[in-house]
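Fold and contact review
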Amino acid sequence: MRRSCATAPTPAPTPAPTRAPTPAARLLATLGASALGLAATACAPHRPVVEVPVSQWPGYEFFVLAHHEGLDRAVGIRIRPLEYPDPQDIVHAYLRGEVQMAPLTTVEVVDICARAPERCPVVVLVLDESTGADQVLARPPIASVADLKGRRVAVAFSTLGPYLLARALERSGLPLSAVTLKGMPLGAMGSALARGDVDAAVFYPPFSTRAEHQQGLRRLFDSRGIPGEIFDVLAVEPAWLRDHPGEVTALVRAWALAHTHAIAHPNVSEAVMAKREQLSLAEFRSTLTGLHFFSLKQQGPLLAAGGPIARNLATVQRVQRQLGVLPAGSVLPKVEDGPVRQALVR
């Protein structure tokens, strides 16, 4: 007789083994799984997998933490973090249709919309605001942004680096053309500075943390100088958002639970996140001082029509056009607060 789902036994989660299992143990596990499988397979709750691309940036760690602590399963999904070495690799993956969402800066989201207007992603969540984490660092004896005139400056293969550098130079009365841009991966900037291949670099933790400590670099400018301009957001492909609203809402809930968990258990949570960032616990905590996070309740006003994020996107687009990196008539990303509103219901 077929068991009902109400009475079917549910196997307990298996803890990670501390050593390799013996052949006998593997056989027992296989037999046990087979015995339970007939009843459990049909009755186990379906948790859709949500793939979230992540690169090394402290603000993205909360998606990974949510998965690590099982907070995603608690809200009915399974987060699958997809690791990329550089944010621009996430941009390219989105443009190729390999991922359906992207945690990126608003600068990069505006760039995507200019390059693929038919898939211009929708901003559904504010992950953080950069309040000092994005930086322009230089080798001595360079002591000011004005000293960068005629110098070589490393920037990543994305629009964020030129954007931050242009805003810094603007405050010293210099155009972006006053410097020579050297495009390179974020992970190569520290060694390029050490060799003297470049005089300065535009980057952020964990990459900037390592270089700043090891080489005694001077911080010429950071995102504190342009408050309200650099936000990290979760942007979702519009068709995927339309077809999977429940998964997006669950992802927002899992992200919020991860922040709550990190506040309640800071030592354990920050150690997990620091390890993936390849930073010491002290270094990771230092990077968090350059970020501002927003609770779910604070998200509503940010994502409102005509609110701070909508205005930020318009400002970023205007500056990018002035820099000549965006074509005229490019599409402006939309902002949607529906997933946040739904996440607040429970």
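Further up the page is the structure itself.
Here goes a summary of the coordinates provided.

With that settled, consider the environment of Q56. By secondary structure assignment, the location of Q56 is in the loop between β1 (49-54) and α2 (61-68). Along the chain, Q56 and P87 lie 31 residues apart, while their C-alpha atoms are 8.1 Å from each other. A polar atom in the side chain of Q56 sits 3.2 Å from the backbone oxygen of R276. Among the polar contacts made by the side chain of Q56, one reaches the main-chain carbonyl oxygen of E277 at a distance of 3.4 Å.

Next up on the list: the pattern of salt bridges. As enumerated under the stated definition, the model contains 20 salt bridges in all. For R276, the salt bridge is made with E61, and the minimal N-O distance between the two is 2.7 Å. A residue pair is termed long-range when its members are at least 10 positions apart, and R276 in helix α11 (residues 266-277) and E61 in helix α2 qualify at 215 residues. A relative accessible area of 15% means that R276 is categorised as buried.

In this structure the tally under the stated criterion is one disulfide. Paired by a disulfide, C113 and C120 hold their sulfur atoms 2.0 Å apart. Its torsion about the S-S bond being 75°, the disulfide of C113 and C120 is classed as right-handed.

In this section: the side chain of D72. Its place among the elements puts D72 in helix α3 (residues 71-74). Note on D72: relative accessible area 0%, which makes it buried. If we ignore the near neighbours within four places in the chain, the residues touching D72 are A66, H67, I77, R78, I79 and A254.

Inside soluble globular proteins, nonpolar side chains tend to come together where they are buried. Core analysis: the largest hydrophobic core is formed by 106 residues, its most contacted members being L125, L148, L165, F203, L234 and L251. Ranked by residues supplied to this core, first place goes to helix α10 (residues 245-264) with nine residues. Not counting chain neighbours up to four residues away, the residues in contact with L165 comprise L148, V153, V155, L176, V179, L181 and V202.

The next thing to look at is the sheet that holds strand β7 (residues 180-183). Strand pairing within a sheet occurs via backbone hydrogen bonds; the two strands may be parallel or antiparallel. Across the sheet, which stays open at both edges, the five strands sit in the order β7-β6-β8-β5-β9 with mixed pairing between neighbours. The open sheet is flanked by β7 and β9 (218-222), the only strands paired with a single partner. Recorded for the sheet is a direction-independent mean angle of 25° between the axes of neighbouring strands. Packed on one face of the sheet, helix α6 (residues 160-170) meets β5 (135-138), β6 (152-155), β7, β8 (200-203) and β9 and runs near 140° to β6. Where helix α8 (residues 207-215) meets the sheet, its contacts fall on β5, β8 and β9, and the angle it forms with β5 comes to roughly 30°.

Let us now look at the environment of D86. For D86, the location among the structural elements is in the loop between β2 (78-83) and α4 (87-95). Linking D86 and A156, residues 70 residues apart in sequence, is a C-alpha distance of 8.5 Å. Those residues within four positions of D86 in sequence are excluded, and the remaining contacts are S55, A156, P185 and L186. For D86, the side chain forms a polar contact with the main-chain nitrogen of Q88, separated by 2.8 Å.

With that settled, the discussion passes to the sheet that holds strand β4 (residues 122-130). Strand order in this open sheet of four strands is β3-β10-β4-β11, and the pairing throughout is antiparallel. Each having just a single partner strand, β3 (101-105) and β11 (291-292) make up the two edges of the open sheet. Here β3 pairs with strand β10 (residues 231-236) via five bridges, running antiparallel. Looking at the pairing, M101 lines up with V236 of β10. Sitting on the sheet, α10 touches β3, β4 and β10, and the angle it makes with β4 is about 15°.

Thresholds applied
Residues numbered from 1 in each chain as written. Predicted model: local features only at pLDDT ≥ 70, side-chain atom pairs only at ≥ 80, totals over all residues. Heavy atoms only, no water. Helix = DSSP H or I, 4+ residues; strand = E, 2+ residues; numbered from the N terminus. Polar contact = N/O pair within 3.5 Å; in protein donor to acceptor, adjacent residues only side chain to side chain. Salt bridge = Lys/Arg side-chain N within 4 Å of Asp/Glu carboxyl O. Buried < 20%, exposed > 50% of the residue type's maximum accessible area, 1.4 Å probe, protein only. Disulfide = S-S within 2.5 Å. Contact = heavy atoms within 4.5 Å. Core = buried A, V, L, I, M, F, W, Y, C linked by side-chain atoms within 4.5 Å. Pairing = 2+ DSSP bridges. Axes fitted to C-alpha atoms, helices over the stretch in contact; angles between N-to-C directions.

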